[in-house]
Amino acid sequence: MDIRYLRGKASMTQKALGEASGLGQSAIGNYEAGLRKPSLESARRIVKALRDNGVVVTLDDVFEAEPSAA
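Residues numbered from 1 in each chain as written. Predicted model: local features only at pLDDT ≥ 70, side-chain atom pairs only at ≥ 80, totals over all residues. Heavy atoms only, no water.

Caption draft 1: Broad picture of the overall build of the protein. Broken down by element type, the protein carries 5 helices and 0 strands. For the protein, the sequential pattern of α-helices and β-strands runs α-α-α-α-α. On C-alpha atoms alone, the protein measures out to a radius of gyration of 11 Å, which is about the 11 Å that the 2.2 N^0.38 rule sets for 70 residues. Considered along the principal axes of its C-alpha atoms, the protein spans approximately 40 × 25 × 20 Å. With 70 residues in all, the protein has 37% of them scored as buried. (Helix = DSSP H or I, 4+ residues; strand = E, 2+ residues; numbered from the N terminus. Rg over C-alpha atoms; globule rule 2.2 N^0.38 Å. Buried < 20%, exposed > 50% of the residue type's maximum accessible area, 1.4 Å probe, protein only.)

Encoded structure:
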């Protein structure tokens, strides 16, 4: 799922989500634009902030694990 979509469900700005998760607004913007991927810890913080604002979300919705080499 898209972080921008989830943030919209919480009626949060990038700045508000950044502050609630302990990340910067620029980090949230980079994640939404696909310029960077959140670390596992950052994804956990984002999930907690979204949940605290009433969004039903899982870690898998925010953090896309790297495909394993087969």
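Once the structure has been displayed, the description carries forward.
Caption draft 2: Expanded view of the environment of Val57. Relative to the helices and strands, Val57 resides in the loop between α4 (40-52) and α5 (59-62). By relative accessible area, which is 2% here, Val57 ends up buried. Apart from the residues lying within four places of it in its own chain, the contact partners of Val57 are Leu6, Val47, Leu50, Arg51 and Val62. (Contact = heavy atoms within 4.5 Å.)

Caption draft 3: Seen up close, the pattern of salt bridges. Considering all chains together, one arrives at 4 salt bridges under this definition. Its salt-bridge partner being Arg4, residue Glu32 comes within 3.4 Å of it at the nearest N-O pair. Placement of the pair is Glu32 in helix α3 (residues 25-33) and Arg4 in helix α1 (residues 3-9), with a sequence separation of 28 residues. Classification of Glu32 by relative accessible area gives buried; the value is 9%. Here the salt bridges share partners, and the residues they tie into one network are Arg4, Arg7 and Glu32. (Salt bridge = Lys/Arg side-chain N within 4 Å of Asp/Glu carboxyl O.)

Caption draft 4: Representation of unusual backbone geometry. Positive phi, normally seen in glycine, also occurs at Ser11, with a value near 55°. Along the chain, Ser11 turns up in the loop between α1 and α2 (14-21). The exposure class of Ser11 is exposed, given its relative accessible area of 69%.

Caption draft 5: Main features of the packing of α2 against α4. Axis separation between α2 and α4 bottoms out at 8 Å; the angle between their running directions is 110°. It follows that α2 is roughly perpendicular to α4 by the angle criterion. Here α2 contributes Leu17, Ala20 and Ser21 to the contact with α4, which in turn contributes Arg45, Ile46, Ala49 and Leu50. For the contact of α2 with α4, a count of residues per class yields 5 nonpolar, 1 polar and 1 charged. (Axes fitted to C-alpha atoms, helices over the stretch in contact; angles between N-to-C directions. Parallel < 35°, antiparallel > 145°, perpendicular 65-115°, else oblique. Nonpolar A, V, L, I, M, F, W, Y, C, P; charged D, E, K, R; others polar.)

Any functional reading would require information that these geometric values do not contain.
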